[in-house]
Each structure stands twice: as structure tokens, then as C-alpha cells.
Amino acid sequence: MSIVLILTILIVIGALAFDFINGFHDTANAIATAVSTKALKPRQAIMLAAVMNFVGAMTFTGVAKTISKDIVDPFDLSNGSVVILAALISAVAWNLITWYFGIPSSSSHAIIGSIAGAAIAAQGLHVLNYSGFIKIIEALILSPILAFVVGYIIYSIFKVVFKNNNLTKTNRNFRFIQIATAALQSYSHGTNDAQKSMGIITMALIANEFLPKNADVPLWVQISCAIAMGLGTSIGGWKIIKTVGGKIMKIRPINGVAADLTGAGIIFGASLIHLPVSTTHVISSGILGVGSAHRLKGVKWDTAQRMLVTWVITLPITALFAAICYYILNIFF
């Protein structure tokens, strides 16, 4: 068995592991509000998210194409397989560390930072596709800001429309609506997050000349990544559910619906224009926006501050770790 084939197999396994971990790491965000308001029991929410993530992952491939071509051109990498494998090791390690401490960090930041760091270690700063890379970074930065604003606006509208309604009855009705919005948010998550592993596998197949340069994402890649994320989701990320669902603000059904609609709208919009965004950032920022519109003092800003610090440091830390992984792997391959 050739070294190229062995590396390709390791990359496929690593990418599916990343998707699996993403399932219980990031998907927790999509169902956290529904669980915290008791609109759904935890097991019901997880199974709903698993199914909708799978459906979402099978629907789109545009984000995968962006990941596979816009950060670096696989054909520009002289040791592309080792670069991709180092990036996966870095991203998986960071996801596990942040999951262990219950911090809702970004898997998107982790994998994008890791790919960039490993590629730079291999061939220097010039290897990055700066136009594509900057476009991705802009989307990662602007999407949570937009989510905060949209969440604030949606909940402000809800406050005006339902201000004279009985609070108990309104929350009971919104609890049923929240089942649908949780499903919608899980679907949108699948349309964006599962694409990242699809893009990585496709990048490896192109770099190792198992696929032509402009090939689409193979169906088997799409199905395997969708299954991996669905299985990961079925395990659940309880620590992150607790952080997103309760440690940012006390969420009621009407808050949850506003936050879910915000997250689903921003993520799905990004998928339509083929841009990878951080579902963690978008959903958490949407909750912050809703909380700010509800009552500023009701938002636990210390939790938000801790999350913000993690978001900022993820790109450089994963880039550095991926570079170290590349140098180590390069000794053996």
C-alpha cells in the first residue's frame, strides 16, 4: 500500500472523526434553547437534531467547495496530505479540549485556522489564497455581529406584538413553536457545518489526484459525513447545552423561538452563498441579542466574555498547533 493511499485513508478517518465530534460539540447549540425551556426532552431534542442535521448535510455542498479551494489550492501544496492531516489533528484536539471544559468554541475557526497554519508551515505565507481566505474570515467575523442585531430586532418585535398577551399562555404556545424552530436550526446547521469535513476530504482526494481539480463532492463523501455528524449529534454535548441554554441568560420559550429563528436564518443564508460560518458564534450571539432586547441585566456577561476570549484565540492557537503537528508528521511522512 502506497504512502499516498495510507495518508488519504487517514485523512478520511480524521475528517469523519472531526464531523462526529462536531456533532456533539456544535449541534448542542442548535437544541440548547429547546432543552432549557423544556419544549423538548433532551433525548427527543438530540434525535430531532441528528435527523435534521443529516438532512441538511445531504442538501448542500457549496460550503464544502469553498473549504476545499478558497483557503489554499490543493495543487499548490507539495506535501498536501500531511498538511490536511495535521490540520485535522489540530482541529479535533481543540474541539475536545473546549468540549471538556464546556466552552462553546467554534469548530469552523478551529478547522480554518488549522488548515492555514499547517499550509503556512509547509510552504510559507504565500501559499494562502488570500482573496478566498479573507472572504471566509469576514464571514466568520460579521455573522455573529449580524446575529446579535437580528436577534435584538426579532425579540423587540415579539415584545411589541405580544405585550398584552397572557405570559403563561404565550410561553405555552411558543413552546410548541420552538419544536419547529429547533428542527429548522438543526437543519441549517447541517447545511453548513457538515460541509467542512466534506471539503477537507474532497481537498485530499484532489491533492492526491484521486479526483480532477474541479471535481464536485462525491456522493459517498456527502453520505459518510452526514452519517458521522448525525451519530455525533445522537450522543449529545451536555456540557455545552448547559452553557448555551442557561449560562448566557434565563431562556423562556418566546426567547428561544426568537434565538432559533435568528440562528437558522443567518446560517442558512450563509449556506446559500457558500460561506462557512461558525454556528456556535451565530447561535450564541443570537441569544445575546435576544437577551439584550429582553433585559440587559439578565444577560450573564461574564459567560459571554469567556466565550468571546475563546472565539478570539481559537484561530491563532489552532494555526500554531497545526504547524507543530505538521513538523512532527513530516518526520514520518
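Rules used in this analysis
- Residues numbered from 1 in each chain as written.
- Predicted model: local features only at pLDDT ≥ 70, side-chain atom pairs only at ≥ 80, totals over all residues.
- Heavy atoms only, no water.
- Core = buried A, V, L, I, M, F, W, Y, C linked by side-chain atoms within 4.5 Å.
- Buried < 20%, exposed > 50% of the residue type's maximum accessible area, 1.4 Å probe, protein only.
- Helix = DSSP H or I, 4+ residues; strand = E, 2+ residues; numbered from the N terminus.
- Contact = heavy atoms within 4.5 Å.
- Axes fitted to C-alpha atoms, helices over the stretch in contact; angles between N-to-C directions.
- Parallel < 35°, antiparallel > 145°, perpendicular 65-115°, else oblique.
- Left-handed = near helix turned anticlockwise from the far one by under 90°.
- Nonpolar A, V, L, I, M, F, W, Y, C, P; charged D, E, K, R; others polar.
- Salt bridge = Lys/Arg side-chain N within 4 Å of Asp/Glu carboxyl O.

> Any chance you could explain the nonpolar core here in plain terms?
One broad trend across soluble globular proteins is that nonpolar side chains are buried collectively. Ile-71, Val-72, Ile-115 and Ile-200 are the most contacted members of the largest nonpolar core, which has 58 residues in total. If you list the elements that add at least two residues to this core, you get helix H1 (3-25), helix H4 (62-70), helix H5 (80-100), helix H6 (107-123), helix H7 (130-161), helix H9 (194-207), helix H10 (219-235) and helix H14 (301-332). Among the elements that make up this core, the one with the highest residue count is H5 (10 residues). Setting aside anything within four residues of it in sequence, one finds Ile-200 in contact with Ile-11, Ala-15, Ile-67, Ile-84, Leu-88, Ile-111 and Ile-115. Among the nonpolar cores identified, the runner-up in size contains 22 residues, and Ala-258, Val-277, Ile-287 and Ala-293 belong to it.

> Help me understand the packing of H1 against H5 in this model?
Helix-helix packing: each pair is described by the crossing angle between the helix axes and the interaxial distance. For the pair H1 and H5, the least separation of the axes is 9 Å and the interaxial angle reads 25°. Taken together, the axes of H1 and H5 lie roughly parallel to each other. The element H1 and its partner H5 pack so that their crossing is left-handed. Across the interface between the two elements, Leu-7, Leu-10, Ile-11, Gly-14, Ala-15, Phe-18, Ile-21, Phe-24 and His-25 of H1 pack against Ser-81, Val-82, Ile-84, Leu-85, Leu-88, Ala-91, Val-92, Asn-95, Leu-96, Thr-98 and Trp-99 of H5. For the contact of H1 with H5, the class distribution of residues is 15 nonpolar, five polar and no charged.

> I'm lost on the pattern of salt bridges in this one. Help?
One pass over the structure, following the stated rule, counts two salt bridges. Across the salt bridge formed by Asp-70 and Lys-135, the nearest N and O atoms sit 3.0 Å from each other. Within this pair, whereas Asp-70 is found in helix H4, its partner Lys-135 is found in helix H7, the two being separated by 65 residues in sequence. For Asp-70, a relative accessible area of 16% puts it in the buried group. The partly exposed category is assigned to Lys-135, whose relative accessible area is 37%.

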